[in-house]
Amino acid sequence: FNPATVNNARLWKGDFPARYSGRASSVLDIRTRDGHFREYHGDVSVGLFATSVTLEGPLVRDTSSLLISTRATYFGPWIDFFSRRDNLLTISGDNVGYRFYDVNLKWNYIFSEKSRLYFSFYQGGDEFRNQFAQQFDDPEGLFLDEYKLASEWGNSIAAMRWNLLLRKDLFTNTTLRFSRFFIKASWVFSLLSCRLPEKKTCCRI
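What you see is a predicted model; the values in this text were computed from it and never measured.

Calculation criteria
Residues numbered from 1 in each chain as written. Predicted model: local features only at pLDDT ≥ 70, side-chain atom pairs only at ≥ 80, totals over all residues. Heavy atoms only, no water. Salt bridge = Lys/Arg side-chain N within 4 Å of Asp/Glu carboxyl O. Helix = DSSP H or I, 4+ residues; strand = E, 2+ residues; numbered from the N terminus. Buried < 20%, exposed > 50% of the residue type's maximum accessible area, 1.4 Å probe, protein only. Phe/Tyr/Trp six-rings, centres within 6.5 Å; stacked < 30°, edge-to-face > 60°. Lys NZ or Arg CZ within 6 Å of the ring centre and 35° of its normal. Pairing = 2+ DSSP bridges. 1 Å grid on protein atoms, 1.4 Å probe; cavity = no way out; pocket = protein on both sides within 12 Å on 5 of 7 lines; lining within 4 Å. Points joined across faces, edges and corners; volume = space filled by probe spheres on them. Patch = residues over 30% accessible without salt bridge, like charges linked within 9 Å, V, L, I, M, F, W, Y side chains within 5 Å. Areas by Shrake-Rupley, 256 points an atom, 1.4 Å probe, with all protein chains shown as cover.

## Notes on the pattern of salt bridges
The tally for this structure, following the rule as stated, stands at nine salt bridges. Of the charged contacts in the structure, one is a salt bridge between arginine 116 and aspartate 34, with a shortest N-O distance of 3.7 Å. Of this pair, arginine 116 sits in strand 7 (residues 115-138) while aspartate 34 sits in the loop between strand 2 (27-32) and strand 3 (41-46), and the two are 82 residues apart along the sequence. Assessed through its relative accessible area of 22%, arginine 116 is described here as partly exposed. Note that glutamate 152 is salt-bridged to lysine 184, the shortest N-O span being 3.8 Å. Taken together, the positions of glutamate 152 in strand 8 (residues 141-167) and lysine 184 in strand 9 (residues 170-195) put the pair 32 residues apart, joining distant regions of the chain. In this structure lysine 184 comes out as exposed when scored by relative accessible area, which is 53%.

## Describing the packing of aromatic side chains
According to the stated counting rule, one finds four aromatic pairs in the structure shown. A centroid spacing of 6.4 Å and a plane angle of 80° characterise the contact between phenylalanine 16 and tyrosine 20, whose relative ring orientation is edge-to-face. Classification of tyrosine 20 by relative accessible area gives buried; the value is 10%. Ring-pair connections join several aromatic residues into one group, and the members of that group are Trp12, Phe16 and Tyr20. Between arginine 161 and the ring centre of tyrosine 118, over which it is positioned, the NZ or CZ distance is 4.2 Å.

## Overview of the pairing of strand 4 (residues 50-60)
Direction of pairing for strand 3 relative to strand 4: antiparallel, over a ladder of six bridges. Within the sheet, the bridge partner assigned to glycine 42 lies in strand 4 and is leucine 55. Adjacent in sequence and paired antiparallel, strand 3 and strand 4 are bridged by three residues. Note that strand 4 and strand 5 (residues 64-73) share ten bridges and pair antiparallel. Looking across to strand 5, one finds that threonine 51 is bridged to alanine 72.

## Some words on the layout of surface pockets
Think of a ball as big as a water molecule: rolled over the atoms, this probe shows where empty space is left. One number sums up the size of the largest pocket: a volume of about 1,500 Å³. Residue lining of the largest pocket: 34 residues in total, with Asp29, Ile30, Arg31, Ala159 and Arg177 positioned closest to the centre. Of all elements in the fold, only strand 1 (6-12), strand 2, strand 5, strand 6 (97-112), strand 7, strand 8 and strand 9 reach the threshold of two or more residues within the lining of the largest pocket.

## Side note on a nonpolar patch on the surface
A cluster of nonpolar side chains, namely Val44, Val46, Val53, Leu55, Ile68 and Tyr74, defines an oily patch on the protein surface of about 520 Å² accessible area. Elements that contribute at least two residues to the nonpolar patch include exactly strand 3 and strand 4. Considering the arrangement of structural elements, one finds isoleucine 68 in strand 5.

Without other data, these values stay purely geometric and don't point to any function.
As structure tokens, then:
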């Protein structure tokens, strides 16, 4: 979770309320912040492994606001750096790479004291790649095997919610939701087998 977008979080380890029906075990309830209704604010956070940028402010003063935040990592160069420092990282491979990103957006509009509309959007993804090669000798000859692995996965979530206060002790929340999990993976393996020189044969699989 991008800390810049979180308003509060609550963890139910068990015995959670009926409104979370259908959940099998624990529930982590994350509530995102609303954008500021009167002032514009921006925040940039730069760390060793990731950078995030957040902007918020009114679209219509005291009526509508927008909060948008994005975050991306640059963990790949660190993997390369430490892999060359006496193998401080134990990830095997010649071209290891990893990155992630996420985008959060929240818009809300106040129709009246009793009616408000919210729209929330989240998209995040991870990408991992690796390339590995090794060779070894045995009585049959020289063997060289090589593989390339690439994986990408993530989530897209959107929700439109209308909050209506019917009277002091009664309200409704009507929500339209969309969610999508995606994953793509590719794996390429090759084996080169060369027999002893006197036989002078070679095959590739």
